[in-house]
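For reference, the chains in residue letters:
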Amino acid sequence: LLPNFLGQKYPARGFVAETFLDFSRGLPGDVAGVAVVGGKGHAGLALRIALAGAEWVLITEGRVELIGAVTFVPVRIGVSVESGGSFTFRFATATGDWAVLPRVFFASEGGWLGTKVGLFSLHQSDSGTAGSADFDYFRFGR
């Protein structure tokens, strides 16, 4: 995730961050989403474009776990961070309601910069041709 990560240090002890992602011009092998990156690891929720279509994936420490198919784009993706350092990922369903992934992650102390939250995009194919991911906004709230 790090080579293609745009992020910032945590803005508060507890917060919610959200983005709106249009991945309609993504090509097979493209991955884009929201990530939390710390000194000892990272976790991200993303859309991945596969030959059969778009799918939700959870990326932790380089491992990719398939969450399910995406039946519509664009999508809203977010992360909710609690004051104790725990965080959960979420995404909007077709009805606009938030679905929260049942896994809870914990931010680790991270080097001299600390834990960061942000957006990432990358291409994981040998095709040499990548599509594009359009992020409309990245908002913080509570």
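Details of the structure are given in the entry above.
In this report, we go over the structure that sits alongside the text. (Residues numbered from 1 in each chain as written. Predicted model: local features only at pLDDT ≥ 70, side-chain atom pairs only at ≥ 80, totals over all residues. Heavy atoms only, no water.)

### A closer look at unusual backbone geometry
Note the cut-off: Going along the chain from the N terminus, every DSSP run of H or I of four or more residues is numbered as a helix, and every run of E of two or more is numbered as a strand.
Residues Val-73 and Pro-74 are joined by a peptide bond in cis, for which omega reads 5°. Structurally, the position occupied by Pro-74 is in the loop between strand S6 (63–69) and strand S7 (75–81).

### A word on the pattern of salt bridges
Rules: Should a side-chain nitrogen of Lys or Arg be within 4 Å of a carboxyl oxygen of Asp or Glu, the pair is scored as a salt bridge. Throughout this description, buried means an accessible area under 20% of the type-specific maximum (1.4 Å probe, protein chains only), exposed means over 50%, and partly exposed covers the range between.
This model, assessed by the stated rule, comprises five salt bridges. Where Arg-76 meets Glu-18, a salt bridge forms, and the shortest distance between an N and an O atom there is 3.5 Å. Of this pair, Arg-76 sits in strand S7 while Glu-18 sits in strand S2 (residues 15–22), and the two are 58 residues apart along the sequence. Taking relative accessible area as the criterion, Arg-76 reaches 23% and is therefore assigned partly exposed. The partner of Arg-48 in a salt bridge is Glu-55, with the nearest N and O atoms 2.6 Å apart. Owing to a relative accessible area of 24%, Arg-48 belongs among the partly exposed residues under this scheme. When its relative accessible area of 14% is taken as the criterion, Glu-55 is described as buried.

### A word on the pairing of S2
Heads up, the condition is: For two strands to be treated as a pair, DSSP must find at least two bridges joining them.
Buried residues dominate S2, accounting for six of its eight residues. When S2 meets S7, the two strands line up antiparallel, connected through seven bridges. Bridging from a neighbouring strand, Phe-20 pairs with Arg-76 of S7. Taken together, the six bridges between S2 and strand S12 (residues 134–141) define a ladder with antiparallel strand orientation. Each bridged residue has a counterpart across the sheet, and for Leu-21 the counterpart in S12 is Phe-135.

### Quick notes on the sheet that holds strand S11 (residues 116–123)
The test is simple: Interaxial angles span 0 to 180 degrees and are taken between N-to-C directions of axes, which are lines fitted to C-alpha atoms, for helices over the stretch in contact.
Read from one edge of the open sheet, six strands run S1-S11-S3-S4-S5-S6, paired in antiparallel fashion. The sheet is open, and its two edges are formed by strand S1 (5–9) and S6, each paired on a single side. Strand-to-strand twist across the sheet, computed as the mean angle between neighbouring axes with direction ignored, equals 20°.

### Notes on the nonpolar core
In plain terms, the rule: For the purposes of this section, nonpolar cores are sets of buried Ala, Val, Leu, Ile, Met, Phe, Trp, Tyr and Cys residues that join through side-chain atoms within 4.5 Å. Should any heavy atoms of two residues lie within 4.5 Å, those residues are considered in contact.
With 26 residues, the main nonpolar core has Trp-56, Val-79, Phe-87 and Phe-89 as its most contacted residues. Taken together, the elements giving at least two residues each to this core come down to S2, strand S3 (30–38), strand S4 (41–50), strand S5 (53–60), S7, strand S8 (86–92) and S11. Excluding anything up to four places from it in sequence, Val-79 contacts Phe-15, Val-16, Ala-17, Val-34, Val-36, Phe-87, Thr-88, Phe-89, Arg-90 and Val-117. In this structure, Ala-35, Val-37, Val-57 and Leu-122 belong to the second largest nonpolar core, which totals nine residues.

### What about the environment of Val-104?
Along the polypeptide, Val-104 turns up in the loop between strand S9 (98–100) and strand S10 (105–106). In contact with Val-104, not counting residues within four places along its chain, are Ser-86, Phe-87 and Thr-88.

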